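Architecture and fold: a report
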Amino acid sequence: MKNKTIKKVDLIFEQVDHLAILDKTLNRSSEEIILDIIDSGLRGRGGAGFPTGLKWKFARNEDSEQKYVICNADEGEPGTFKDREILTQVPEKVLTGMAVCGKAIGASEGYIYLRAEYNFLLPMLHQKIDTFNNVLKEKKFDFSVAIRSGSGAYVCGEETALMESMEGFRGEPRNKPPFPTSKGYLGKPTSINNVETLVFALMIANLGPKMFKELGTFDSRGSKVFSISGDTPSAGIYELELGMTLEDFVNEFGDGDTKAVQIGGASGYCVARKNFKSTVIGFEGIPTGGSMMLFNSSRSMYNILRDYLEFFEEESCGQCTPCRIGCQQLLKGVEAVKKGLKPPSYLENLQRLSETMKIASKCGLGQSVGNPFNSIINNFREEIIY
Amino acid sequence: MPTKVLIYIKVHIINPTKNFMTRIEQFVKEQADYYGRRRNSLMPILQAVVQSERYLSEEAMVAVAEELDLSTADVFGTASFYTFLDTVPRGKNIIKVCKTITCHMKGKDEIISTIEDQLKIKLGSTSSDGRFSLLQANCLGWCHKGPVMLVNDEIYTEITPEKTVEVIRDYLKKTK
Amino acid sequence: MSKFQVNLKINNLAIAVDEGTTILEAARQLNFNIPTLCHHDDICVAGNCRVCVVEQKGSRLLPAACATPVGEGMEILTNSMKVRQARKHVVELLLSEHNADCTRCIKNGECELQKMSNEYRTGNNQFISLLKEKDKVIDFSSPSISKDDSKCIRCQRCVRTCAEMQAVNALTVAYKGNNMRISTFLNKPMNDVVCTNCGQCINRCPTGSLTERTYVDQVFEAVYDPTKFVVVQTAPATRVAIGEEFGLEPGTRVTGKMVAALRRIGFDKVLDTDFSADLTIIEEGYELLSRLKAALVDGKAPALPMMTSCSPGWIKFQEHLYPELLENLSSCKSPQQMFGALAKTYYAERMNKNPADMIVVSIMPCTAKKFEANRPEMRGSGYKDVDFVLTTRELGMMIRQAGIDFNKLENESYDGMLGESTGAGVIFGNTGGVMEAALRTAYEIITGREVPFSNLSIKPVRGMEGVKEAAIRFKDVLPEWNFLEGVELKVGITHGLANAKLLMDKVKEGNTGFHFIEIMACPGGCIGGGGQPLPTTLAIRKKRASGLYEEDEKMILRKSHENPEVKELYQSFLHQPLGHRSHDLLHTHYYSRKKI
């Protein structure tokens, strides 16, 4: 790294003896495992950032004969592609991470929900899973993994929508509460974790919470796999320590002409150059599931916003009013302003609408459409109007 | 006085088991035998049908509904939620060009028009010989290597118009 | 054991409610009304319209009051500025994709979206209209139900009704995002799918998207045509519901006023479906007895249990989903169709009318009756037996259009010949009513004694339970019914097609033990029919049911076989139950239909 303030880490892709870690973990109590995860400060790596140890604790505390572990590999957020790479490079670590979670919460079945766009991974994964399940059987550890495929629906990355889909229904998010840890897949307590989270959990179970805690900041412990794309000479996947400023990041990955960075994918925030310095990447600043899209000055922010909105308009599940119609109104609205069919002041109406979508939508999808919308309108208003 | 127990109760079965099954019905039945007939078997079965037939025909959805004891509307409603479970006929090869942000920035429009010219079809349609369908897809998860396209389950990254022509030519050869 | 109590504050008022109560229910207990659209007490919670969002102190998000259970220490505001803005937005968004052609809409005045936009005075819609011309195509394929997607707000009440209450699943949510819509299988016309025409979706549609096909104009045209002799029949359940159209309490008995109104509208004769309900009991009762005889005496294997056939929604359900059980259905036509067939034969003859010049109109609590009247086999008289079927709601519309002040009308009585009825015919409108009527008659035919229940009220078959059952033992039977001596007749009653489906699955397994089953497609029976006044709730249905039982108790004749006009009909025209003429006019057959 040419930039000293950015630290590359290698926890995720490092090849490890996963079976040794498994043996080690199986000899510990579920309390111990969970305490370590809580202590490490690990938060969900899918984007929402819920404390992983707490999630496991909730699931473990549920009194139920049947519990499930789900690995959320429905990586659909535009700009994110790290889970695909993790599953390709270190599938055993993911599987072992699921088994660790199974041990911690007391589940005997684990599922990987893989998005259909990654179907080409299936033959390899099936093979790895067969081997892994056999190993578990030999070890007399009551846990097995199976795969369920998605069929092309972004919203299925939302945990309850994912479960609906696994149960054979339309992938429409459920009302919460109840949360999956008490009523998840088939109504049973379920811990659903992102691919990357499970690998981190595995590494924490292996190395202890201390090494993880020492990385990152108070709010954002550890490192994170970033998916870097757009106008950058070094697009790709990088595991970086959390807590860097966006300025440091852009210095490292930008093409010298970066005017904006979209942090957290289409549903994240767009940060303009003037705020690079003051923006921290992490839960205390702008959190991300790993997506970092860089835009240089040749890009029209109107086109980018339009792309986002078109994406959401199509990928909303459609059940709740603010999201289904709101997304359409935001898209039609900016188009109308651009064409001069509505006055620039109409953008304020749309921003108020996006506030409503943020607080009144049923799930995270509708709740986050306002993030890119407002951050782009606020930073690049002229580009939208003219 | 002792009560006479129940009178003879009989149910008439007018329409006993079907003895003739079409190819699709047979296929769906095999899938149901394999995956089971509970609701959570629905997706794998639909996926298997699409894998084999490229889309869910009316006949296939009726067969699935019959096997799983669901209503046909329910099967259709579920299938139509998912972009990859087409309910309209598709070609033997389905090309999905990623249209989301970075692939857009890196030139997916050119890729699409290249394919349109090469196969003489419009985006969203199927070639008259039934060999190809050309569609757009939302983010395929290869943003660092855009533009990308999926042909069936095969991914092609960092494609250029020239590379695309070659890829399609290969499929033309493969699919007579 | 009492439930845990949860303490919370709503609009700064403290309240303790049972654990599991929703915010919406808790607010209602404090007399705060939170607006709802996708919520309906009869069906499961969806939480998708978001009009009921409220502010919860300490939460960034606005929870949906209908879908969120109360929590200890919660502080809820139901009308804060945040809530008002969100709610207004939701209504405006819905209006932006809604074909707000309110003045011309059949639901004008009864539309929940209209009421809400009125309350919130949305004014000029600030948003861009998303309505496309192609969405304005209305599906008129079904004779019972029309479906207009341009008025749909995607609340999914209809889908939940069709699935949960009726287990029909003709309607589904299809596609997603901006393309999401309510659809049939492959968006086929309503008449080409498994839809039973029960109309329960109509009863729960908050807007004018799902409505009954209306024939009010055609009926007025017939009434005002001097060359036509127009008779009208009124179903049992209409007399305790039509009052609701004029502001009366549900269950108010307004039979006399309804007759008076129909006469003022200009019908030539006002007759009663209750008459043919009594007739149905005779025919169906003898049919049951003949099946029992075949089984017990002749050693044959008739289809048992026998199932009632009065409810056309149920019939079509059976034809689609349980074609293997069609022989178990009674071959009796429904009272409406028995009436029609007799009106254009027996009645026409006696009244000296040419049946070709007769128009038979039915006032029904039902939308499926519209379909039934159009079935090709319903032409026993040589003509279309029933020409037009109007719902209770449409009758309300007719009365208003005719300028009749309903509430001030004096009671009048039905015309004769097909107008006399007994209390047994009246209770046909309730779940369990057909069974009760049948038992009153069958027991007496077999034993010569009245059914052994106090005041003829067979309580076990009454009420709103999903499946009811009763058993009655025949002792000391009359000589000709010797074979029934000591036999215990077991009967089952169910209402709502979801319940019917459960029961049918058991019947298929052959282990219900029932000999006779009454099934009505709608919740509560016809009183909860798809053509009844809006709104509909369990409480309203219960009130209507009580209304019918009261009416029964007030009647002098309460057993179908005592109906003098029915007796006269057999004496002079039909000669005997299940006879040749009955077969031609009063019985029918069924078809196996596709499951799509």
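Residues numbered from 1 in each chain as written. Chains lettered and ligands numbered in written order. Predicted model: local features only at pLDDT ≥ 70, side-chain atom pairs only at ≥ 80, totals over all residues.

Bringing the overall build of chain B into the picture now. The helix and strand tally for chain B stands at seven helices and four strands. Reading the helices (α) and strands (β) of chain B from amino to carboxyl end gives α-α-α-α-β-α-α-β-β-β-α. When the 176 residues of chain B are sorted by exposure, 48% land in the buried category. Considering only residue pairs separated by 6 or more positions, chain B has 60% of its internal contacts joining residues 24 or more positions apart. (Helix = DSSP H or I, 4+ residues; strand = E, 2+ residues; numbered from the N terminus. Buried ≥ 20, exposed ≤ 12 C-beta atoms within 10 Å, placed from the backbone. Contact = placed C-beta atoms within 7 Å.)

What follows concerns the overall build of chain A. The secondary structure content of chain A amounts to 16 helices and nine strands. Relative to its length of 386 residues, chain A is compact, with a C-alpha radius of gyration of 21 Å against a globular reference of 21 Å. Along the three orthogonal principal directions, the C-alpha set of chain A runs to about 70 × 50 × 35 Å. When the 386 residues of chain A are sorted by exposure, 63% land in the buried category. Considering only residue pairs separated by 6 or more positions, chain A has 71% of its internal contacts joining residues 24 or more positions apart. (Rg over C-alpha atoms; globule rule 2.2 N^0.38 Å.)

Below, the discussion takes up the domain arrangement of chain A. All names here are of chain A. According to the domain assignment, chain A contains domain 1 (18-209), domain 2 (223-296) and domain 3 (301-385). Summarising the inter-unit geometry, the C-alpha centres of domain 1 and domain 3 are found 33 Å apart. A per-class count over the side of domain 1 that touches domain 3 returns six nonpolar, one polar and two charged. (Domains from an automatic or database assignment. Nonpolar A, V, L, I, M, F, W, Y, C, P; charged D, E, K, R; others polar.)

In this complex, chain A contributes 37 residues to the contact, which on the side of chain B involves 29 residues. Of all the secondary-structure elements, those providing two or more residues to the side of chain A that touches chain B are helix H7 (159-166), strand S5 (223-230) and helix H11 (301-315) of chain A. Counting residues per element, the side of chain A that touches chain B draws most heavily on H11 of chain A, which supplies five residues. Its residues assigned to classes, the side of chain A that touches chain B shows 15 nonpolar, 13 polar and nine charged.

This part is about the sheet that holds strand S17 (residues 516-520) of chain C. Hydrogen bonds along the backbone pair up the strands of a sheet, which may run parallel or antiparallel. Residue and element names in this part refer to chain C. An order of S12-S17-S16-S15 is seen for the four strands of this open sheet, with the pairing classed as mixed. Where the open sheet ends on each side, the last strands, each with one partner, are strand S12 (306-307) and strand S15 (467-473). With seven bridges connecting them, S15 and strand S16 (residues 488-495) associate as antiparallel partners. Across the sheet, Ala 471 pairs through a bridge with Lys 490, a residue of S16. (Pairing = 2+ DSSP bridges.)

The next subject is the sheet that holds strand S4 (residues 190-194) of chain A. Residue and element names in this part refer to chain A. Spatial strand order, S3-S2-S1-S4: four strands in an open sheet with parallel pairing. Looking at strand neighbours, the two that pair on one side only are strand S3 (144-149) and S4, the edges of this open sheet. Across this sheet, the average inter-strand angle for adjacent strands is 20°, counted without regard to direction. Across five bridges, strand S1 (residues 68-73) lies against S4 in parallel orientation. (Axes fitted to C-alpha atoms, helices over the stretch in contact; angles between N-to-C directions.)

A separate point is helix H15 (residues 370-379) of chain A. Extensive coverage of H15 of chain A is indicated by the burial of seven of its 10 residues. Among the residues of H15 of chain A, Gly 370, Asn 371, Pro 372, Phe 373, Ser 375, Ile 376 and Ile 377 of chain A are the ones counted as buried.

Residue and element names in this part refer to chain C. S17 sits mainly inside the fold: five of its five residues count as buried. Residue alternation in S17 divides its side chains into two sets, Phe 516, Glu 518 and Met 520 and Ile 517 and Ile 519, and both sets are buried. With five bridges connecting them, S16 and S17 associate as parallel partners. In the strand pairing of S17, Gly 492 is matched with Ile 517. A crossover connection joins S16 to the parallel S17 through helix H15 (residues 497-509); in handedness this β-α-β unit is right-handed. (Right-handed = clockwise from strand over helix to strand, strands pointing away.)

Judged by nonpolar contacts, the single largest core of 322 residues is most densely connected at Val 94, Val 199 and Ala 201 of chain A together with Leu 46 and Val 64 of chain B. Not counting residues within four places of it along the chain, the set of residues in contact with Ala 201 of chain A comprises Ile 37, Leu 42, Thr 52, Gly 97, Val 100 and Cys 101 of chain A. In terms of nonpolar packing, the next biggest core, distinct from the first, is built from 25 residues, Ile 94, Ile 111, Trp 142 and Ile 168 of chain B among them. (Core = buried A, V, L, I, M, F, W, Y, C linked by C-beta atoms within 7 Å.)

What follows is about helix H4 (residues 82-89) of chain A. Residue and element names in this part refer to chain A. Counting buried residues in H4 gives six out of eight residues, a clear majority hidden from the surface. Residues of H4 that are buried include every one of Lys 82, Asp 83, Arg 84, Glu 85, Ile 86 and Leu 87, and no others. Contacts from the buried residues of H4 go to S1, helix H5 (91-105), helix H6 (122-138), helix H8 (195-207), S5 and strand S6 (236-241).

A few words now on the packing of helix H2 (residues 30-40) of chain A against helix H3 (residues 52-61) of chain A. All names here are of chain A. It is at 7 Å that the axes of H2 and H3 come closest, and there the two elements cross at 150°. Compared by their axis directions, H2 and H3 come out roughly antiparallel. Considering the relative orientation of H2 and H3, their crossing is left-handed. Residues Ser 30, Ile 34, Ile 37 and Ile 38 of H2 touch H3, and the partners they reach there are Thr 52, Gly 53, Leu 54, Trp 56, Lys 57 and Arg 60. Here the contact of H2 with H3 is composed, by residue class, of five nonpolar, three polar and two charged. (Parallel < 35°, antiparallel > 145°, perpendicular 65-115°, else oblique. Left-handed = near helix turned anticlockwise from the far one by under 90°.)

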